[in-house]
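# Architecture and fold: a report
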Amino acid sequence: MTVLVLNGPNLNRLGTREPLIYGSQTYADLERLCRDTGDKLGLAVDVRQTNAEHEMLEWLHTAADDVDDVVLNAAAWTHTSVAIGDACAALTGRLIEVHISNVHKRETFRHHSYVSAHADGIIVGCGFDGYRLALEHLAAVPREN
């Protein structure tokens with residue numbers, strides 16, 4: 001089973017961007033955690049990050065065509081992009097939405113998600129551990145289709 005772990009804008013800045021909110025671990029640390037977790041669970045994990053919305057849309061479209069499961073931290077696009085939400089609606093595999101911080105304890109505009117309505121699960125506020133939890137869930141719970 002292949003799981004795409006897709007990360008949106010500014011997550012490449014982890015470790016330096018607002019460490020009081022996102023912690024001091026880097027994006028390389030996040031990639032390593034996801035790959036190591038995938039190895040332990042027998043999952044093929046493909047971890048990607050982009051600051052370009054069109055690239056994220058292409059990845060989501062490909063995931064839909066390939067029936068891949070997706071762990072998605074759409075970052076700021078979560079709250080602003082109808083296009084990302086529409087691409088999530090077209091996914092044919094499972095979708096777990098992940099956010100490092102608890103978006104519900106932050107600015108009001110972060111309380112709305114265009115992704116959540118299409119997600120099979122949502123993990124917020126668990127830091128990098130949220131990615132591990134998402135991968136463990138996908139490995140443990142069989143697909144319905």
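Here is a short report on the structure shown in this document. This is a predicted model, so every value here is computed, not measured.

### Notes on the nonpolar core
Among soluble globular proteins, nonpolar side chains are generally buried collectively. Grouped together as the largest cluster of nonpolar side chains are 22 residues, with contacts concentrated most on Val5, Leu14, Cys34, Val71, Tyr131 and Leu135. Listed by contribution, the elements that provide at least two residues to this core are β1 (2-7), α2 (27-41), β2 (44-49), β4 (95-99) and α6 (129-140). Looking at this core element by element, the count peaks at 4 residues for α6. If we skip the residues at most four places from it in the chain, Tyr131 touches Val5, Asn7, Leu11, Leu30, Leu33, Cys34, Val71, Asn73, Val98 and Ile100.

### Regarding the packing of helix α3 (residues 53-66) against helix α5 (residues 82-89)
Put simply, α3 and α5 touch, their axes get as near as 9 Å, and they point 10° apart. In terms of their interaxial angle, α3 and α5 are classed as roughly parallel. Facing α3, whose interface residues are Glu53, Met56, Leu57, Leu60 and His61, α5 presents Ala83, Ile84, Ala87 and Cys88. Residues that form the contact of α3 with α5 fall into these classes: 7 nonpolar, 1 polar and 1 charged.

### Description of the sheet that holds β2
Whether parallel or antiparallel, the strands of a sheet pair through hydrogen bonds between backbone atoms. In space, the 5 strands of this open sheet follow the order β2-β1-β3-β4-β5, with parallel pairing throughout. The two strands at the open ends of the sheet, each matched to only one other strand, are β2 and β5 (121-124). The mean inter-strand angle of the sheet, taken between neighbouring strand axes irrespective of direction, is 15°. Judged from the 3 bridges that link them, strand β3 (residues 69-73) and β4 form a sheet pairing that is parallel. What sits directly across from Leu72, in β4, is Glu97.

### Some words on the state of the cysteines
Scanning all chains against the criterion turns up 0 disulfides. Left unpaired, Cys34 is separated from the closest cysteine sulfur, that of Cys126, by 14 Å. The exposure class assigned to Cys34 is buried, which follows from its relative accessible area of 0%. Counting only cysteine sulfurs, Cys34 is the nearest neighbor of Cys88, a cysteine outside any disulfide, at a range of 17 Å. The class for Cys88 is buried, based on a relative accessible area of 3%.

### Notes on the environment of Gly38
Examined against the element boundaries, Gly38 turns out to sit in helix α2. Separated by 98 residues in sequence, Gly38 and Glu136 have C-alpha atoms that sit 8.4 Å apart. Those residues in contact with Gly38 that sit more than four places away from it in its chain are Leu43 and Val45.

### What to know about the side chain of Asn73
Relative to the elements of secondary structure, Asn73 occurs in strand β3. Among the residues examined, Asn73 registers a relative accessible area of 3% and is labelled buried. At 3.1 Å, the side chain of Asn73 forms a polar contact with the side chain of Tyr131. Sequence-distant contacts of Asn73, that is, excluding residues within four places in its chain, are made with Leu6, Asn7, Gly8, Leu11, Val98, His99, Ile100 and Tyr131.

Cut-offs applied
- Residue positions are given per chain, counting from 1 as you read along its sequence in written order.
- Predicted model: local features are reported for residues with pLDDT of at least 70 only, side-chain atom pairs are reported and counted for 80 or more only, and whole-chain, interface and lining totals are derived from all residues.
- Where side-chain values are given, they derive from all heavy atoms of the structure, hydrogens and water being excluded.
- Put simply, a nonpolar core is a bunch of buried Ala, Val, Leu, Ile, Met, Phe, Trp, Tyr and Cys residues held in one set by side-chain atoms that sit within 4.5 Å of each other.
- A simple rule labels every residue: compare its accessible area, found with a 1.4 Å probe on the protein chains alone, to the largest value its type can have, and call it buried under 20%, exposed over 50%, or partly exposed in between.
- For helices the rule is a DSSP run of H or I covering at least 4 residues; for strands it is a run of E covering at least 2, with both sets numbered from the N terminus onward.
- For this analysis, residues touch if any pair of their heavy atoms sits within 4.5 Å.
- Only C-alpha atoms enter the line fits that serve as axes; for helices the fit covers just the stretch in contact. Angles between N-to-C directions range over 0 to 180 degrees.
- Every angle not falling under 35 degrees, over 145, or within 65 to 115 is termed oblique; those three ranges are roughly parallel, roughly antiparallel and roughly perpendicular.
- Gly counts as polar in this scheme, as do all residues outside two lists: the nonpolar Ala, Val, Leu, Ile, Met, Phe, Trp, Tyr, Cys and Pro, and the charged Asp, Glu, Lys and Arg.
- We treat two strands as partners when DSSP finds at least two bridges between them.
- Two cysteine sulfurs form a disulfide in these notes if their separation is within 2.5 Å.
- For the purposes of these results, a polar contact is taken to be a pair of N or O atoms within 3.5 Å, where, inside protein, one atom must be able to donate a hydrogen and its partner to accept one; residues adjacent in sequence count only when each atom of the pair is a side-chain atom.

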